[in-house]
Amino acid sequence: MATASFEFQVMAKPGGAVCNLDCAYCYYLSRRSLYPQDVACRMSEDVLEALIVQTLDAHPGEVVNFAWHGGEPTALGLDYFRTIVALQRKHARPGRRISNSLQTNGTLIDEGWARFLAAERFFVGLSLDGPEDVHDSYRVTRGHRPTHAQAVRAFELLRAWNVPCDVLSVVHDRTVARPRAVYRFFKGLGVPYLQFLPLVERTPARRADAPEGPVTSRTPSPEAFGEFLCAVFDEWLRADVGRIVIQTFDEAIRTACGLPHALCIFRETCGDVPVVEWNGDFFSCDHFVDREHRLGNIADTPLAELLEHSAQRAFGAAKRDALPGICRECDVLDLCNGGCPKDRLLPREGERGLNYLCAGWKRFFTHARPHLDRFAALWRAGQPLDRISKELRPAVAPAASAGRNDACPCGSGRKYKRCCGAR
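Fair warning: this is a prediction, and the values are worked out from it, not measured in the lab.

Quick notes on helix H1 (residues 45–58)
- Given a rise of 1.5 Å per residue, 14 residues ought to cover 20 Å, and the 20 Å separating the end C-alpha atoms of H1 matches this to within 8%.
- Considered for burial, the residues of H1 that qualify are Val47, Leu48, Glu49, Leu51, Ile52, Gln54, Thr55, Leu56 and Ala58.
- Tucked into the core, H1 has its buried residues touching strand E1 (11–12), strand E2 (63–68), helix H2 (78–91), strand E3 (97–104), strand E8 (275–276) and helix H9 (303–307).

Take a look at the structure:
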């Protein structure tokens, strides 16, 4: 039995790129072109069982997580996921724990799905970009109808059934214009864990000299993205530390505390989150599902061997080895590590591979760093991190527009009478 030399998480695409929506910025719908259009993209039970067995065999840890992505995985139906769980139980071994995560647009989630996900202890990632006008700008059905109400209903259903639910918000040109409104929407909804995923959408020609430049108009400028993060960070810092976890901020705090990055885009190297497509094809990364990065098929080569493939190792090391000189001299390198390789689009003084979002990441990390040091000091002293919110929250005088039952002007999310008004 071959075992990988490192912990990994395979991103399984049991339905390939098939999705019931037609989101304007989706990077994965085009991956359907890798396979004949007349072929139904649905992982067979044989391939599914092979994936489960090989993942259990190859994973060196005690907890083995299966991440089910798409496209839209719930489009395969609830019975399909019952089969997944049954196969996992069939091949589970004593002393190992299996967990499952599911990334969904939420439009197909109903009571039956919520009941199943709760019973089987799935972790769910829900795509929801923000308030209705922000979300429905780009996240639409094939008939270009809005999806916001369905996504919010999915969140509320999952919360009612106590299903752990992370919200993933794509940060595009409409989002960055309203940082506080977007953040307060999620806070009002009761989102406990939030991911902000910046949209970097290459022009169709994928050339730096394309009419729109290297990215489309939906992509926020680096500066606007940086200001968005700073504005959200300031509000979160003042009122919500310990109440809401924001992935980007959490990663920054980890670095300040001397802990390794958990998120691949900020690690020094990558390559430990490969993709297995519906037919068993193995690709280096979710953002590099193309012919160049197809390394084999699990029907022909065991998963453990594909994970250790020289090309996969080279792919992961290239993130560090191809880092531009300006990055190597940057004072926030430990926080960023050049960002995701998919976003390294810009030339710089004869070099290539500078991250398109470089200015935005640097703006945010520089802004946050003094506070990160305070977080680290609290952590080392064994103090609760939410203490920083109590220290920084200003005494806010009653505003003319803030009545006793209105939201507190300090941004805590509580009524004024129960927050600053109580002081």
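Having seen the model, we can carry on.
Section: empty space enclosed by the protein
- Enumeration over the complete set of coordinates arrives at one cavity of 30 Å³ or more.
- Around the largest cavity, the lining residues are Val10, Ala12, Leu51, Thr55, Phe66, Ala67 and Trp68.
- At the level of elements, H1 and E2 are the ones that each hand at least two residues to the lining of the largest cavity.
- Considering each element in turn, the lining of the largest cavity owes the most residues, three residues, to E2.
- Along the lines of polarity and charge, the residues of the lining of the largest cavity split into six nonpolar, one polar and no charged.

Some points on the confidence of the model for the chain
- With 89% of its residues at a pLDDT of at least 70, the chain reaches an overall mean of 91.
- Taken as a whole, residues 206–211 scores under 50 in pLDDT and shows six contacts with residues more than four places along the chain or in a different chain.
- This model gives residues 395–401 a pLDDT under 50, and the stretch forms nine contacts once residues within four places in sequence are excluded.

Regarding helix H5 (residues 148–160)
- With 13 residues, H5 extends 18 Å between its outermost C-alpha atoms, agreeing within 8% with the 18 Å of an ideal straight helix rising 1.5 Å per residue.
- For H5, every residue scored as buried is listed here: His148, Ala151, Val152, Ala154, Phe155, Leu157 and Leu158.
- In this structure, the buried residues of H5 make contact with helix H3 (111–119), strand E4 (123–127), helix H4 (132–135), strand E5 (165–171) and helix H6 (179–189).
- Phi for Asn162, located one or two positions after H5, is positive at around 60 degrees.

Here's the deal with the nonpolar core
- Core analysis: the biggest nonpolar cluster contains 102 residues, and Trp68, Leu117 and Trp236 have the highest contact counts within it.
- If sequence neighbours within four positions are ignored, Leu117 has contacts with Leu102, Ile109, Phe122, Val124, Leu158 and Val163.
- With five residues, the next largest nonpolar core counts Tyr138, Leu168, Val170 and Leu199 among its residues.

A look at the pairing of E3
- Where burial is concerned, most of E3 is hidden: six out of the eight residues are buried.
- Two elements, E2 and E3, share six bridges in a ladder whose sense is parallel. Across the sheet, the residue bridging to Phe66 is Asn100, located in E3.
- Once you follow E2 into H2 and on to E3, the crossover reads as right-handed.

Structural notes on the packing of H2 against H3
- Running from N to C, H2 and H3 point in directions that differ by 10 degrees, and their axes come no closer than 11 Å. One element, H2, and the other, H3, form an angle in the roughly parallel class. In this structure, H2 contributes Leu78, Phe81, Arg82 and Val85 to the contact, and H3 contributes Gly112, Trp113 and Phe116.
- Along the lines of polarity and charge, the residues of the contact of H2 with H3 split into five nonpolar, one polar and one charged.

Here we look at the environment of Leu357
- Relative to the assigned elements, Leu357 resides in the loop between strand E12 (351–355) and helix H13 (358–380).
- Taking C-alpha positions, Leu357 is 9.6 Å from Cys340, a pair spaced 17 residues apart along the chain.
- The residues contacting Leu357, other than those within four sequence positions of it, are Pro198, Val200, Pro222, Phe225 and Asp343.

Focus on the sheet that holds strand E7 (residues 245–246)
- Spatially, the ten strands line up as an open sheet ordered E7-E6-E5-E4-E3-E2-E1-E8-E9-E10, and their pairing is mixed. The open sheet terminates on both sides in strands that have one partner only, identified here as E7 and strand E10 (294–297).
- Two elements, E1 and E2, share two bridges in a ladder whose sense is parallel. Residue pairing in the sheet places Ala12 in a bridge with Trp68 of E2.

Considerations on the pattern of salt bridges
- All told, the structure shown has 21 salt bridges when counted by the stated rule.
- A salt bridge links Lys187 to Glu235; the shortest N-O distance between them is 3.9 Å. Within this pair, whereas Lys187 is found in helix H6, its partner Glu235 is found in helix H7 (residues 222–239), the two being separated by 48 residues in sequence. Each member of the pair Lys187 and Glu235 is classed as buried.

Quick notes on the packing of aromatic side chains
- For the structure on display, the rule yields 25 aromatic pairs.
- Aromatic side chains Phe233 and Trp236 sit 5.8 Å apart centroid to centroid with 40 degrees between the ring planes, which places their arrangement in the tilted category. Of the two residues, Phe233 and Trp236 both sit in helix H7, three residues apart, roughly one turn of that helix. For the pair shown, Phe233 and Trp236 are each scored as buried.
- Centroid distance Phe288 to Phe315: 5.2 Å. Interplanar angle 75 degrees. Geometry classified as edge-to-face. Placement of the pair is Phe288 in the loop between strand E9 (281–283) and E10 and Phe315 in helix H10 (residues 310–321), with a sequence separation of 27 residues.
- For Phe288, a relative accessible area of 16% puts it in the buried group.
- In this arrangement the basic side chain of Lys13 is found over the ring face of Tyr28, its NZ or CZ atom lying 3.7 Å from the centre.
- Cation over ring: Arg218 sits above Tyr138, and NZ or CZ is 5.7 Å from the ring centre.

What to know about the side chain of Ser101
- Secondary-structure assignment places Ser101 in strand E3.
- Classification of Ser101 by relative accessible area gives buried; the value is 17%.
- The residues touching Ser101, leaving out its near neighbours within four places in the chain, are Asn65, Phe66, Ala67, Trp68 and Phe123.

What counts, and at which threshold
- Residues numbered from 1 in each chain as written.
- Predicted model: local features only at pLDDT ≥ 70, side-chain atom pairs only at ≥ 80, totals over all residues.
- Heavy atoms only, no water.
- Helix = DSSP H or I, 4+ residues; strand = E, 2+ residues; numbered from the N terminus.
- Expected span 1.5 Å × (residues − 1).
- Buried < 20%, exposed > 50% of the residue type's maximum accessible area, 1.4 Å probe, protein only.
- Contact = heavy atoms within 4.5 Å.
- 1 Å grid on protein atoms, 1.4 Å probe; cavity = no way out; pocket = protein on both sides within 12 Å on 5 of 7 lines; lining within 4 Å.
- Points joined across faces, edges and corners; volume = space filled by probe spheres on them.
- Nonpolar A, V, L, I, M, F, W, Y, C, P; charged D, E, K, R; others polar.
- pLDDT = per-residue confidence, 0-100.
- Core = buried A, V, L, I, M, F, W, Y, C linked by side-chain atoms within 4.5 Å.
- Pairing = 2+ DSSP bridges.
- Right-handed = clockwise from strand over helix to strand, strands pointing away.
- Axes fitted to C-alpha atoms, helices over the stretch in contact; angles between N-to-C directions.
- Parallel < 35°, antiparallel > 145°, perpendicular 65-115°, else oblique.
- Salt bridge = Lys/Arg side-chain N within 4 Å of Asp/Glu carboxyl O.
- Phe/Tyr/Trp six-rings, centres within 6.5 Å; stacked < 30°, edge-to-face > 60°.
- Lys NZ or Arg CZ within 6 Å of the ring centre and 35° of its normal.

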